Amino acid sequence: FNSKLLVELKSGYTRFVNNTPLPLNYGKQASEQLGMPGVNINDITSGLSSMMVIGYGGLGDGLWMVGKGTTNVFQYSGSLAYNVGNHSMKTGATLIRRQANTAAADFPVGWFIFAPYDYPPISTTNAAANLIMGWPVQSQRGLPINGTRGNRNWEPGVYVQDDWRIRPWLTLNLGVRYDVFPPTTEVHNWLSNFDPVTAKLIVASSSNRTAGTKTDFGNLAPRFGFAATLPHSLVVRGGYGISYFPGNFLGTDAPVNAPFYYTFGPVNFRPLSAGFPALAAPDPSQPSGTINALALDFKASYLQQYNLTIQRQFGANVLSAGYVGQLGRRLPYGSDLDINRPNPSTLPNPMSIAPYAGVLPNVTSIRIMTNGGTSSYQGLQTAFQRQLTNGLGINTNWTWGHAIDDVEIGSSPLSPYGLLPRAIKAYERSSGDLDIRHRITFSANYNLPFGKSLHGLGAA
């Protein structure tokens, strides 16, 4: 509008179509032909069941049916920038609308795990022998009852910031942002969540579209930074900021249970010859098998990031050293966190002492996504840079850091993650999966001092 006022408006649209590759045995009743009844009942369940054989290569088709379908993302943003005096101010708003239309299934052809085990009826410590005898230590299956689901998400946000040149040698960066990440809804209300207090399933409806999950409105994110130019070619920079993000990974973990999803297992010591029971819409008042839940008070995750860096220039060279830290809070524990897992026991049937055994006798596991995870990264970052002078330029960096967390990215029912779900802080906290203590990089550019008078290929 003028030299001081600028308005910027943007919109964007992204469409992603996922045509899931079909498994090798798609359309074949491979499991039925091998004597496993009740497995191949439709196109989704056609093929050969997936079998994990501990210590050997696996057998069967893919374990999961990836979310086949179409995803649409609409993005809108607007900002107003105003420059006056020593201030460069900006305020704006963003809105993201996500539409995920997917047909996904967990273990549609069934998952069987064979492991060394010495307990009746399995009496061999060789997993391959147990496979030949048809005795898995665990079997499970999950199938959607309805067709393609239409998950929906809104992500609104507003912000305001000011770059304030308070002195010729000092600049402050001030800002605050506010985001809201409402829980996922489904166009047909095909959501069903679990209440750990009442031990009952909550089925979504027109008056409760999120199946009991509440919206978190406390995501206020301040930010502060500064840059100071000091005598003797010295510069000091620092900052602190909070950033929020949706911990449920864009609604991909929206809870789907009975009556919209059929689960069987995990069941221990069920022979392959027994296959799976007939597919039927389960009764939400009498759940069985596995329950997949999202914490009713699920909140957005956030990072606290802070740093302090000192730079010194001498000639064409710049030497810098900085302390960098990052704290992750309210990080999501993956859906493998089973709150119905019994404590380690020598009982013949450990599930008899499972936390929900008395009220949900037919439920084997309750995998809930919650966000009590924490992470910490502290690092020293140093750098030496030489601008291209006399034909020579150098850039070298050394970082020492340590990452600690109690969250695991990716796990399986055989992993020890969450062995004691109520004591994660005591037993799971350790060096993180991405812990790298030392990282050194070096690069240099050098212009050869000869050949400047050459032409053609010689010059090249």
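Details of the structure are given in the entry above.
Reading the values: the criteria
Residues numbered from 1 in each chain as written. Predicted model: local features only at pLDDT ≥ 70, side-chain atom pairs only at ≥ 80, totals over all residues. Heavy atoms only, no water. Helix = DSSP H or I, 4+ residues; strand = E, 2+ residues; numbered from the N terminus. Contact = heavy atoms within 4.5 Å. Core = buried A, V, L, I, M, F, W, Y, C linked by side-chain atoms within 4.5 Å. Buried < 20%, exposed > 50% of the residue type's maximum accessible area, 1.4 Å probe, protein only. Phe/Tyr/Trp six-rings, centres within 6.5 Å; stacked < 30°, edge-to-face > 60°. Polar contact = N/O pair within 3.5 Å; in protein donor to acceptor, adjacent residues only side chain to side chain. Salt bridge = Lys/Arg side-chain N within 4 Å of Asp/Glu carboxyl O. Patch = residues over 30% accessible without salt bridge, like charges linked within 9 Å, V, L, I, M, F, W, Y side chains within 5 Å. Areas by Shrake-Rupley, 256 points an atom, 1.4 Å probe, with all protein chains shown as cover.

Asks: Describe in detail the overall build of the protein, supporting the description with residues and values.
Replies: In terms of regular secondary structure, the protein is built from three helices and 23 strands. Reported as C-alpha extents along the three principal axes, the dimensions of the protein are approximately 80 × 60 × 50 Å. For the protein, the share of sequence-separated contacts (at least 6 apart) that also reach a separation of at least 24 residues comes to 72%.

Asks: Can you tell me about the nonpolar core, naming the residues and giving the values?
Replies: Ranked by size, the top nonpolar core spans 16 residues in total, and within it Phe194, Ile291, Ile339, Tyr356, Leu360 and Ile366 carry the most contacts. Elements supplying a minimum of two residues to this core: strand S17 (289-294) and strand S20 (363-389). If you tally residues by element for this core, the top one is S20, at four residues. Counting 13 residues, the second largest nonpolar core, distinct from the first, contains Met36, Met51, Tyr262 and Phe264.

Asks: If you had to explain unusual backbone geometry to someone new, which residues and values would you point to?
Replies: In this structure, Pro259 follows Ala258 across a cis peptide bond, with omega equal to 5°. Positionally, Pro259 belongs in the loop between strand S15 (234-245) and strand S16 (261-267). Positive phi is not limited to glycine here, since Ser233 has a value of about 55°. Following the sequence through the fold, Ser233 ends up in the loop between strand S14 (220-230) and S15. Residue classification places Ser233 among the partly exposed residues on the basis of a relative accessible area of 44%. In this structure, Arg330 takes a positive phi of about 55° despite not being glycine. The class of Arg330 is partly exposed, set by a relative accessible area of 23%.

Asks: Tell me what's going on with the packing of aromatic side chains, and back it up with residues and numbers.
Replies: According to the stated counting rule, one finds eight aromatic pairs in the structure shown. Centre to centre, the rings of Phe107 and Trp111 are 5.3 Å apart; their planes meet at 45°, and the pair counts as tilted. Given the relative accessible area of 5%, Trp111 is considered buried. Judged by centre distance (5.4 Å) and plane angle (25°), the rings of Phe112 and Phe276 are stacked. Here the residue Phe112 occupies a position in strand S5 (residues 111-114), and Phe276 occupies one in the loop between S16 and S17, the gap between them amounting to 164 residues. An identical accessibility class is assigned to Phe112 and Phe276; each is buried.

Asks: Help me get a handle on the side chain of Arg98, residues and values and all.
Replies: Note on placement: Arg98 falls in strand S4 (residues 87-106). Residue Arg98 is classed as buried on the basis of its relative accessible area, which comes to 18%. One polar contact links Arg98 to Glu155, side chain to side chain, over a distance of 2.9 Å.

Asks: Any details on the pattern of salt bridges? Residues and values, ideally.
Replies: Any two side chains of opposite charge can pair, so long as their charged atoms come close to each other. Considering all chains together, one arrives at five salt bridges under this definition. Residue Lys425 is joined to Asp406 by a salt bridge in which the shortest nitrogen-to-oxygen separation is 2.8 Å. Linking Lys425 in helix H3 (residues 424-427) with Asp406 in the loop between strand S21 (392-405) and H3, this pair joins segments that are 19 residues apart in sequence. The class of Lys425 is partly exposed, set by a relative accessible area of 43%. Overall, Asp406 belongs to the buried group, its relative accessible area being 1%. With its nearest N and O atoms 2.8 Å apart, the salt bridge here joins Arg437 to Asp435. Judged by its relative accessible area of 36%, Arg437 falls in the partly exposed class. What makes Asp435 partly exposed here is its relative accessible area of 21%.

Asks: Give a description of the environment of Asp283 that names residues and reports values.
Replies: Mapped onto the elements of the fold, Asp283 is located in the loop between S16 and S17. The spacing of Asp283 and Ala258 is 25 residues in sequence and 6.2 Å in space, taken between C-alpha atoms. A polar side-chain atom of Asp283 sits 2.9 Å from a polar atom in the side chain of Ser285.

Asks: How would you sum up a nonpolar patch on the surface? Please name residues and give values.
Replies: Together, Phe1, Val7, Leu9, Leu80, Tyr82, Val84 and Met89 make up an exposed nonpolar region whose accessible area comes to about 670 Å². Elements supplying a minimum of two residues to the nonpolar patch: strand S1 (5-18) and strand S3 (64-84). Of the residues forming the nonpolar patch, the biggest block, three residues, is contributed by S3. With respect to the element layout, Leu80 can be found in strand S3.

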